[in-house]
Amino acid sequence: MDVPEDMPLLWVLRDVLSLTGTKFGCGMAQCGACTVHIGDGPVRSCVLPVSAVGDRAVTTIEGLSAGAVHPVQQAWIDEDVVQCGYCQPGQVMAAAALLKAKAQPTDADIDAALSANLCRCGTYQRIRAAVHRAAGQTGGRS
Amino acid sequence: MSASGIDRRTFLRASAQAAGGLTIAFYAGPLPLRAQEGAPAAAARPLPDPNAFLRIAADGTVTVVLAHSEMGQGMWTGLVMLLAEELDLDWSKLKVEHAPVAAAYAHPFFGIQMTGGSTSIASEFDRYRQVGAMARTLLIQAASQKWNVPAADCRALKGEVVAAARHAGYGELAAAAAALPRPTQVTLAPPSSWTVIGTPHKRLDSAAKVTGRADFGMDVHFPGLHTALVARSPYFGGKVKRFDGAAALKVRGVKAVVQVPSGIAVVAENFWAAKLGRAALDVEWDPGDGGTIDTTEMARSYRALAAQPGGVKAKAAGDPVAAMKTASKVVEAEYDLPYLAHAPMEPLNCTVRITADKCEIWTGTQLQTVDQGPAAQITGLRPEQVEIHTQFLGGGFGRRATPTSDFVREGTREDDIHGGYYRPQYFHKVKVGLDAKGAPVAWQHTLVGQSFLIGTPFEGMVKNGVDPTAVEGVFDSAYLADVPNHLVEHHAPKSPVTTLWWRSVGHSHSGFVMETLMDELAKAAGQDPLAYRRARLAKHPRHLGALELAAAKAGWGTPLPRGRFHGLAVHESFNSYVAQVAEVSVDRGAIRVHRVVCAIDCGTAVNPAGVVAQLESAVVFGLSAALHGEITLRQGRVQQSNFHDYRPLRLHEMPVVEVHIVPSTERPSGVGEPGVPPVAPAVANAVFAATGQRLRRLPLRLA
Ligand code: FES
Ligand code: FES
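Residues numbered from 1 in each chain as written. Chains lettered and ligands numbered in written order. Predicted model: local features only at pLDDT ≥ 70, side-chain atom pairs only at ≥ 80, totals over all residues. Heavy atoms only, no water.

A. Here's a closer look at the domain arrangement of chain B. Partitioning chain B into structural domains gives domain 1 (22-196), domain 2 (218-288 + 343-418) and domain 3 (295-340 + 423-691). A straight line from the C-alpha centre of domain 1 of chain B to that of domain 2 of chain B covers 36 Å. (Domains from an automatic or database assignment.)

Structure representation (structure tokens):
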């Protein structure tokens, strides 16, 4: 791929590869709309120069599942989380990474992992519920 | 003339002027829905063209075409539900799409194609049901002819017409149905037999939005597409004095540097190149009048202006000056409200493809008709040669009702925060005289703040000099109606800072003022805030209904855990009534909101699930402003730039939000906005209960 080394991963994904599921919200690691996974970890692709990726595997929202079948996506649908939806690919990727790191997160874990992901439509209450649902927790809080 | 009293010509004139570079917006404030009551619903209006709203393919796929934009508020679901109430759908064969721009999709209240003013469901309540009923009638007629059975023996069920043992899918019948003469009259199902309306329905756009497949304006790509970013004056109204694009042109991927009406555009192969190119521009700006703006100074001058006579009289009764002299108690208060940015998650953007005979626009817009006119004028094409592909809107909140005539492929967050079109800064000065029982008998209320209608193409909506978007929530307040002596005045100072409707418009400041003031009056009268409001609202059953429901569900008056305090507020806007009780604690100056109990009377709740979601959303939007939101200027420059210093609420600050819907058989009214105004005053009133500090400015800051 012939792109400048300092080009953030986000713009390589969006403008060069036409993978537009990953969103641009702030460009300075403040909103999480651009969250992708490198390996299993969540990364803000808007501030990561593409040269820093190296040969590690990048997973975007397009690669999370074929269809909306990932447990996090299904939980998002079941909890009727989305509104405008613009922040949600980033929320879903951040939540999927959290659940990989911690299968049974507490509310405090969810706050810690997802407070960097902004939602201007204010879907936070449902995001919490959906993460618990994806984790197979029905009651939720601990 | 539309139901709103806004005539179509106002909008057409607005469209024409937009080509001159003006920014256009719509106004969809208080609608005189009550004026329609008693009139046979929709009788005056011819039936819609069903083909514009509904397509049935031979394979049975039903496509519903939306005249309103989906910006999170749930029209992708709610409008379909209206249609489905009359035409029973096989939901697995449903497709939904945004309408192209065309006269058929004109807003039933406003006469142009647009989304706003919390009116989508309210305005479409008849039309989408009529379309469903017309389709059902024709499909049944087609089946009855095909089978030679009476139409009365046929019914529409889950995508099929059935009669005894016979059944045929809508797709099989569509061609025959389309050839039949259209009904000139349809009967809509009575509320007692509704099966869709009033039943919670999950969103229909979830799968697309959790997989990244939903296309927003920013996601449009086609070969040859370039990205432009415009360097705009850092000062409102500033102009380019001199610029040198040589360094920008050396940036890899930059194709051109051009001066445009709004500044210097850098055109590049992609966003990143455009951003680097813009950063490399050498521009000298002439700040003009905007170069000295200071919002603290502005607040001071507004305060001085409020003490001056000469405001426009928005409402007057009796003799408040004389009555004030005989009052047992007088309460005086002043309020400061800042500029606020909408900051939708998706930065503003627009994609355009111009060929010899066509201009195609992809964007998330709230104002299709208004966008079409200027695009035609700029390109020299006829309006019908301008196609608009409405994309999902990554949040609107009023901000996407501001098309500019610039070609802007993309904008950054900094462009958005610096870009103006803010909720105007406001100052309120209020003096209320109470009688011996604590009832207000004299009320003087002066508002100072920019009008975004006066001096714009929408000035036609200003009636007798009164800008309703400035004084709504005060001049039409239920509280004021019963005060025999009152005067509401508005001063509208001018400023180069551009302003606009921001979710709940004038109510976003007046709700805070009126409802914190009510608490002060209750205190002065020595009464409980709930009891005091009850007495004031005795003749306003819908306010009371929401108030009582929220108070009961929150347990108003029952003991709370140690350190927790309640505050309440109730406010009418967009013909809906919302009460909220906030449960708050204050720890070393930090305000923490734990729970917000909401009750809404929005008439018939078409999709109760959507109503609940919108109220949750409104609480977050309101809290963001109450706790953090502020745009300030020093020496003409906006001091905030991105989400680190213009802070929306984050997940860890999220309270528990409970929503209760007042049962109602009234026609539907607004939902998207009315949840915002009560949030800040409910929290401020709880903070008073906790600390004894009466906070009269936003964002809330303890001394
Ligand atoms: S766009 Fe990357 S964190 Fe906001
Ligand atoms: S759903 Fe709109 S920003 Fe989160």
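After presenting the structure, the write-up continues.
B. Region of the structure containing empty space enclosed by the protein. Residue and element names in this part refer to chain B. The full count for this structure, using the stated rule, is five cavities of 30 Å³ or more. Estimates place the volume of the largest cavity at around 680 Å³. Together, 49 residues line the largest cavity, and Q73, M75, Q614, V671 and G672 are the ones closest to its centre. Counting residues per element, the ones that place at least two in the lining of the largest cavity are α4 (75-86), α5 (120-124) and α20 (608-627). Ranked by residue count, the leading element in the lining of the largest cavity is α20, at six residues. Among the residues forming the lining of the largest cavity, the class breakdown is 21 nonpolar, 24 polar and four charged. Taken as a whole, the second largest cavity encloses approximately 110 Å³ of empty space. Forming the boundary of the second largest cavity are 16 residues, of which S508, G622, A625, A680 and L698 lie nearest the centre. Secondary structure elements with two or more residues in the lining of the second largest cavity: α17 (507-524), α20 and α21 (679-691). Of the residues that constitute the lining of the second largest cavity, the class distribution is 12 nonpolar, three polar and one charged. (1 Å grid on protein atoms, 1.4 Å probe; cavity = no way out; pocket = protein on both sides within 12 Å on 5 of 7 lines; lining within 4 Å. Points joined across faces, edges and corners; volume = space filled by probe spheres on them. Helix = DSSP H or I, 4+ residues; strand = E, 2+ residues; numbered from the N terminus. Nonpolar A, V, L, I, M, F, W, Y, C, P; charged D, E, K, R; others polar.)

C. Quick peek at α4 of chain B. Residues and elements named next belong to chain B. If you check α4, its first and last C-alpha atoms are 17 Å apart, about what 12 residues at 1.5 Å a residue would give, namely 16 Å. For α4, a buried count of 12 out of 12 residues is recorded, marking the element as mostly surrounded by other parts of the structure. Against β1 (54-56), β2 (62-66), β3 (94-98), α5 and α6 (127-147) lie the buried residues of α4. (Expected span 1.5 Å × (residues − 1). Buried < 20%, exposed > 50% of the residue type's maximum accessible area, 1.4 Å probe, protein only. Contact = heavy atoms within 4.5 Å.)

D. Representation of the sheet that holds strand β10 (residues 263-268) of chain B within the structure. Residues and elements named next belong to chain B. Taken in spatial order, the three strands make up an open sheet running β7-β10-β9, and their pairing is antiparallel. Unpaired on one side and paired on the other, β7 (227-232) and β9 (254-260) mark the two borders of the sheet. Strand-to-strand, the axes of this sheet are offset by a mean angle of 20°, without reference to chain direction. Direction of pairing for β9 relative to β10: antiparallel, over a ladder of six bridges. (Pairing = 2+ DSSP bridges. Axes fitted to C-alpha atoms, helices over the stretch in contact; angles between N-to-C directions.)

E. Layout of the packing of aromatic side chains. A complete count under the given rule lists 17 aromatic pairs over all chains for this structure. An angle of 75° between the planes, with centres 6.0 Å apart, marks the rings of F236 of chain B and Y422 of chain B as edge-to-face. A residue pair is termed long-range when its members are at least 10 positions apart, and F236 of chain B in the loop between β7 and β8 (239-244) and Y422 of chain B in the loop between α14 (413-418) and β17 (426-434) qualify at 186 residues. Summarising the burial analysis for this pair, F236 of chain B and Y422 of chain B share the class buried. Members of the aromatic cluster, each reached through a chain of ring pairs, are Y86 of chain A together with W76, F216 and F392 of chain B. Over the ring of F125 of chain B we find R129 of chain B; its NZ or CZ atom is 4.0 Å from the centre of that ring. The positively charged end of R694 of chain B is found above the aromatic ring belonging to F688 of chain B, 3.6 Å away from the centroid. (Phe/Tyr/Trp six-rings, centres within 6.5 Å; stacked < 30°, edge-to-face > 60°. Lys NZ or Arg CZ within 6 Å of the ring centre and 35° of its normal.)

F. Main features of the sheet that holds strand β19 (residues 485-491) of chain B. Residue and element names in this part refer to chain B. Here five strands make up an open sheet; going across it, the order is β12-β19-β18-β17-β13 and the pairing mixed. Strands with a single pairing partner mark the edges of an open sheet, and in this sheet they are β12 (312-317) and β13 (329-337). With strand direction ignored, the average angle separating the axes of adjacent strands in the sheet is 5°. Inspection of the sheet shows β13 paired to β17 by nine bridges, in the antiparallel sense. Note that in β17 the partner of A333 across the bridge is V430. The sheet contacts of α17 involve β13, β17 and β18 (440-449), and relative to β13 the element is tilted by about 150°.

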